[in-house]
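# Observations on the three-dimensional arrangement
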Amino acid sequence: VQKTAAEKANMKRVKIMLMGDSTTAGDGSEAAFRYSFFSELYEAGCFFQLVGDQASADYRLSTMYNRHLAQGGRTTDGLRETYANNVAGGKFDYDIAVITIGVNDMYGGANATTLRPMYEALLDTMFADRPDAKVYFAELIWMPDLSDSNQASVDKLIAELVEEYQGKGYDINLLKHREVS
């Protein structure tokens, strides 16, 4: 249901922080997850703002929607460090965090076994900072030059971690890229 301008004036704008690597940051093409995410929410009439310490060069997005916490080449450990240095402790405010990370780790030889402790360190850092955070942990953006079975095992790991952290009482959900319409 679309909201009128008057209704929106009384609503809180949801601050969404998209976190990740180049598959999130994008290069101005429609292949970037961030732009398709924005499009889905904007077309649905959602009242939101994208936030983060980086600004997009994507000409299609206004300043209300061009922020993110993503950078090309970023690894999971790099994202954890960026969160700890630039977000934790109230340095940056957000309502929802969406994580899409792991591809660069895989290009460096990582697999589900070696990614598990990196993902856990990232989630532990985030939830230690914001125990009440609402987090969506996304499957990998499918990369044709990486092993299908390795990507599938990492997606399975992400789903397992979401369940484990839900079991600890955290507000975390799985985001399935390939099921978003």
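Scroll up to find the structure.
Quick caveat: nothing in here was measured; it's all calculated off a predicted structure. (Residues numbered from 1 in each chain as written. Predicted model: local features only at pLDDT ≥ 70, side-chain atom pairs only at ≥ 80, totals over all residues. Heavy atoms only, no water.)

Our focus in this paragraph is the layout of surface pockets. Volume-wise, the second largest pocket comes out at about 170 Å³. Val14, Ile16, Phe37, Leu41, Cys46, Phe47, Phe48, Ile96, Val98, Tyr136 and Leu175 together form the lining of the second largest pocket. Of the residues that constitute the lining of the second largest pocket, the class distribution is 11 nonpolar, no polar and no charged. (1 Å grid on protein atoms, 1.4 Å probe; cavity = no way out; pocket = protein on both sides within 12 Å on 5 of 7 lines; lining within 4 Å. Points joined across faces, edges and corners; volume = space filled by probe spheres on them. Nonpolar A, V, L, I, M, F, W, Y, C, P; charged D, E, K, R; others polar.)

With that settled, consider the pairing of strand β4 (residues 67-70). As judged from the two bridges shared by strand β1 (residues 14-20) and β4, these two strands associate in the parallel manner. Residue pairing in the sheet places Met19 in a bridge with Leu69 of β4. (Pairing = 2+ DSSP bridges. Helix = DSSP H or I, 4+ residues; strand = E, 2+ residues; numbered from the N terminus.)

Our next topic: helix α6 (residues 112-129). In this model, α6 (18 residues) spans 25 Å end to end at C-alpha, consistent with the 26 Å of a helix rising 1.5 Å per residue. What α6 keeps buried is the set Ala112, Leu115, Met118, Tyr119, Leu122, Leu123, Met126 and Phe127. The arc that holds the buried residues of α6, viewed along the axis, is 160°, so those residues lie on one side. Of the exposed residues in α6, the ones pointing more than 90 degrees away from its buried face are Thr113 and Ala128. Capping of α6 at its N-terminal end is provided by Asn111; its side-chain oxygen lies 2.9 Å from the backbone amide nitrogen of Thr113. (Expected span 1.5 Å × (residues − 1). Buried < 20%, exposed > 50% of the residue type's maximum accessible area, 1.4 Å probe, protein only. Arc of directions from axis to C-beta. Polar contact = N/O pair within 3.5 Å; in protein donor to acceptor, adjacent residues only side chain to side chain.)

With five of its five residues buried, strand β5 (residues 96-100) lies for the most part within the structure. The two faces of β5 match: Ile96, Val98 and Thr100 on one face and Ala97 and Ile99 on the other face are all buried. Where β1 and β5 come together, five bridges link them in parallel fashion. Residue pairing in the sheet places Gly20 in a bridge with Thr100 of β5. As paired strands, β5 and strand β6 (residues 134-138) are joined by four bridges and run parallel to one another. Each residue of the ladder has a partner; that of Ala97, found in β6, is Val135.

A few words now on the nonpolar core. Among the nonpolar cores identified, the biggest contains 52 residues, and Ile16, Met17, Met19, Tyr94, Ile99, Tyr119 and Met126 are the most heavily contacted of them. The element contributing the most residues to this core is α6, with eight residues. (Core = buried A, V, L, I, M, F, W, Y, C linked by side-chain atoms within 4.5 Å.)

Turning to the environment of Ala133, a few remarks are in order. Note that Ala133 resides in the loop between α6 and β6. Through-space distance from the C-alpha of Ala133 to that of Tyr170 is 7.7 Å; in sequence the pair is 37 residues apart. Not counting the four nearest positions on each side in its chain, Ala133 is found in contact with Tyr94, Phe127 and Asp171. (Contact = heavy atoms within 4.5 Å.)

Just distances and angles here, no functional claims.
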